[in-house]
Amino acid sequence: MSSVFCVFAIFHILFTESYVFELWSTEHFDDMIMSDAFRYSKPARTPAVIGLYETQCKEKLYREYGFTSQGLPNSYALTLAVFDRAKASNIWYEWYPEIMDLFGRYNLSTTNEDGSPIPMNDWCPTVLFQPADWNKPVIKFNPSTDGSF
């Protein structure tokens, strides 16, 4: 019986495709990749690639940047996710941006210090690589130097 399980497990890991998860908050992201018992004291379950955007520039993320799960490892090895701040904040439950907004987690500002908006083309979308080891720096994807996703 155990050999059948091992064969099934190996088959599942090798032939499972990657998937782009849609995130609703920082807590949702944390629950996907981290242990509730250890949180930041242990490495995350997997590294993650996160696409942060607002609904208006969703097409840019997928068409211009080529953000897709094709050719990437499955979610056992890499978490691939997107966060649409406009969609996540416009829902039935109470939205607390200071604790729920992934833009805040990664210090991605959409306004200048004087409160004026930063042009959307300067920050939307933003793709980040979050290493499993939270002590390592987050890497920002730059399509002009990194090529298509």
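Structure shown above.
Here's what I pulled together on the structure shown here. (Residues numbered from 1 in each chain as written. Predicted model: local features only at pLDDT ≥ 70, side-chain atom pairs only at ≥ 80, totals over all residues. Heavy atoms only, no water.)

Now for the sheet that holds strand 2 (residues 48–53). The strand order across the open sheet built from 5 strands is 1-3-2-4-5, with neighbouring strands paired in mixed fashion. Each having just a single partner strand, strand 1 (20–23) and strand 5 (139–140) make up the two edges of the open sheet. The strands touched by helix 2 (residues 26–33) are strand 1, strand 2, strand 3 (79–84) and strand 4 (126–130); relative to strand 1, the strand with the most contacts, the crossing angle is about 140°. (Pairing = 2+ DSSP bridges. Helix = DSSP H or I, 4+ residues; strand = E, 2+ residues; numbered from the N terminus. Contact = heavy atoms within 4.5 Å. Axes fitted to C-alpha atoms, helices over the stretch in contact; angles between N-to-C directions.)

Turning our attention to the pattern of salt bridges. One pass over the structure, following the stated rule, counts 5 salt bridges. Here K87 ties to E22 by a salt bridge, and the two come within 3.0 Å at their closest N and O atoms. Of the two residues, K87 sits in helix 4 (residues 85–89) while E22 sits in strand 1, which places them 65 residues apart along the sequence. A salt bridge links D101 to R85, with the shortest nitrogen-to-oxygen separation between them at 3.2 Å. Residue D101 is found in the loop between helix 5 (97–100) and helix 6 (102–105), and its partner R85 is found in helix 4; the two are separated by 16 residues along the sequence. Here D101 and R85 have matching classes, each one buried. Within the structure, one salt-bridge network assembled from shared partners comprises E54, R85 and D101. (Salt bridge = Lys/Arg side-chain N within 4 Å of Asp/Glu carboxyl O. Buried < 20%, exposed > 50% of the residue type's maximum accessible area, 1.4 Å probe, protein only.)

Here the focus is the environment of W123. Positionally, W123 belongs in helix 7 (residues 120–123). As a C-alpha pair, W123 and C57 span 66 residues in sequence and 9.9 Å in three-dimensional space. Not counting residues up to four positions away in its chain, the partners in contact with W123 are E54, R85, F103, L108, T110 and I118. Looking at W123, its side chain comes within polar contact range of the main-chain oxygen of I118, at 3.2 Å. (Polar contact = N/O pair within 3.5 Å; in protein donor to acceptor, adjacent residues only side chain to side chain.)

With that out of the way, let us pick up the packing of aromatic side chains. The tally for this structure, following the rule as stated, stands at 6 aromatic pairs. A ring pair is formed by F83 and W95, whose centres lie 6.4 Å apart and whose planes are at 25°; its orientation type is stacked. Taken together, the residues span a long stretch of sequence, with F83 in strand 3 and W95 in the loop between helix 4 and helix 5 at a distance of 12 residues. Note on W92 and Y93: the rings are 5.2 Å apart at their centroids and 90° apart in plane angle, and the pair reads as edge-to-face. On the basis of relative accessibility, which here comes to 80%, the residue W92 falls in the exposed class. Residue Y93 is classed as partly exposed on the basis of its relative accessible area of 24%. Members of the aromatic cluster, joined through ring pairs, are F83, W95, F103 and W123. In this arrangement the basic side chain of R85 is found over the ring face of F103, its NZ or CZ atom lying 4.0 Å from the centre. (Phe/Tyr/Trp six-rings, centres within 6.5 Å; stacked < 30°, edge-to-face > 60°. Lys NZ or Arg CZ within 6 Å of the ring centre and 35° of its normal.)

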